[in-house]
Amino acid sequence: MRVAIYCRVSKDKGQDTGNQLRQLKAFAVQQDWTVVRVFEETASGRKGENGREALREVFKEAAAHRWDLLVFWSLDRLSREGAFQTMKYLNRLSEMGIGYRSYREEYINTTGIFGDVLVALLSTLAKQEAIRISERTKAGLERARAQGRVGGRPRAKVTAEQVLRLHRAGKSLNVIAGELHVGKSTVHRLLQGVNPEPPKKR
């Protein structure tokens, strides 16, 4: 079994990854695994993938299938972004055909007899959490609408008279739209409402 080791410590804890690495390497030897890659970083576990270079490399190499299993000290060493995001990371590994194993949490283990059950369970939990987040977002939008609040950028209050005045001054639709901070289609529509002939598009 080709394995990669991922170690992480936080910047503000005055620690290094040495302790994790020594134990994980010894653990790999006990399991008769071959360590082909070691990822180490000092960064907050609350940072996402974009803020952690080593974690980005983990998924880059996982996609290339350069090893078969990712081993980490504990789940919170992999991520402290919350249960949903952590499950998403594990699901991504599974979808790439890569297994994972937590040293401290023996049940986070796709190499055991319940590996397929774990993958299916975490995948289902991640999907359900995504649905709950979507439902909460929709409920929040509906509540805001009921209270008279409309999401998104406030609409610019532009009158046909403003548009017509600028148009009569010889300004093009693009220039008018830029000055009034509205779309060109809005300028065109307002001019059509006050002019019997469609304005020339410039």
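Here, the structure is the one placed above.
Residues numbered from 1 in each chain as written. Predicted model: local features only at pLDDT ≥ 70, side-chain atom pairs only at ≥ 80, totals over all residues. Heavy atoms only, no water.

> Would you mind going over the packing of helix H6 (residues 160–168) against helix H7 (residues 173–180) in detail, with residue names and values included?
At a minimum axis distance of 10 Å, the contact between H6 and H7 shows a crossing angle of 135 degrees. Comparing the axis directions of H6 and H7 gives the class oblique. The handedness of the crossing between H6 and H7 comes out as right-handed. Facing H6, whose interface residues are Val163, Leu166 and His167, H7 presents Leu173, Ile176, Glu179 and Leu180. Of the residues assigned to the contact of H6 with H7, the class counts are 5 nonpolar, 1 polar and 1 charged. (Axes fitted to C-alpha atoms, helices over the stretch in contact; angles between N-to-C directions. Helix = DSSP H or I, 4+ residues; strand = E, 2+ residues; numbered from the N terminus. Parallel < 35°, antiparallel > 145°, perpendicular 65-115°, else oblique. Left-handed = near helix turned anticlockwise from the far one by under 90°. Contact = heavy atoms within 4.5 Å. Nonpolar A, V, L, I, M, F, W, Y, C, P; charged D, E, K, R; others polar.)

> Outline the nonpolar core, listing residues and values.
In this structure, Tyr6, Trp67 and Leu70 are the most contacted members of the largest nonpolar core, which totals 18 residues. Counting only elements with at least two residues in this core, the list comes to strand E1 (2–9), helix H2 (53–63), strand E3 (69–72) and helix H4 (83–95). Counting residues in each nonpolar core, the second largest holds 13 residues, with Leu166, Leu180, Val187 and Leu190 among its members. (Core = buried A, V, L, I, M, F, W, Y, C linked by side-chain atoms within 4.5 Å. Buried < 20%, exposed > 50% of the residue type's maximum accessible area, 1.4 Å probe, protein only.)

> Give a description of the pattern of salt bridges that names residues and reports values.
Oppositely charged side chains can form a pair if their charged atoms are brought close together. All chains considered together, the criterion is met by 8 salt bridges. In this structure, Asp68 and Arg2 form a salt bridge, with 3.1 Å as the shortest nitrogen-oxygen distance. Separated by 66 residues along the polypeptide, Asp68 in the loop between H2 and E3 and Arg2 in strand E1 bring together distant segments of the chain. Residue Asp68 is classed as partly exposed on the basis of its relative accessible area of 23%. Through salt bridges with shared partners, a single ionic network connects Arg37, Glu61 and Arg66. (Salt bridge = Lys/Arg side-chain N within 4 Å of Asp/Glu carboxyl O.)

> Explain the packing of aromatic side chains to me, and be specific about the residues and the numbers.
In the structure shown here, the tally under the stated rule is 5 aromatic pairs. Relative to Trp33, the ring of Phe27 has its centre 5.6 Å away and its plane inclined at 90 degrees; by these criteria the two rings are edge-to-face. Each member of the pair, Phe27 as well as Trp33, carries the same accessibility label: buried. On the basis of an interplanar angle of 35 degrees and a centroid distance of 5.5 Å, the ring pair of Phe59 and Tyr89 is categorised as tilted. Linking Phe59 in helix H2 with Tyr89 in helix H4, this pair joins segments that are 30 residues apart in sequence. A connected cluster of aromatic rings, assembled from ring pairs, spans Phe27, Trp33, Trp73 and Tyr103. Sitting over the face of the ring of Phe59, Arg92 holds its NZ or CZ atom 3.9 Å from the ring centroid. (Phe/Tyr/Trp six-rings, centres within 6.5 Å; stacked < 30°, edge-to-face > 60°. Lys NZ or Arg CZ within 6 Å of the ring centre and 35° of its normal.)

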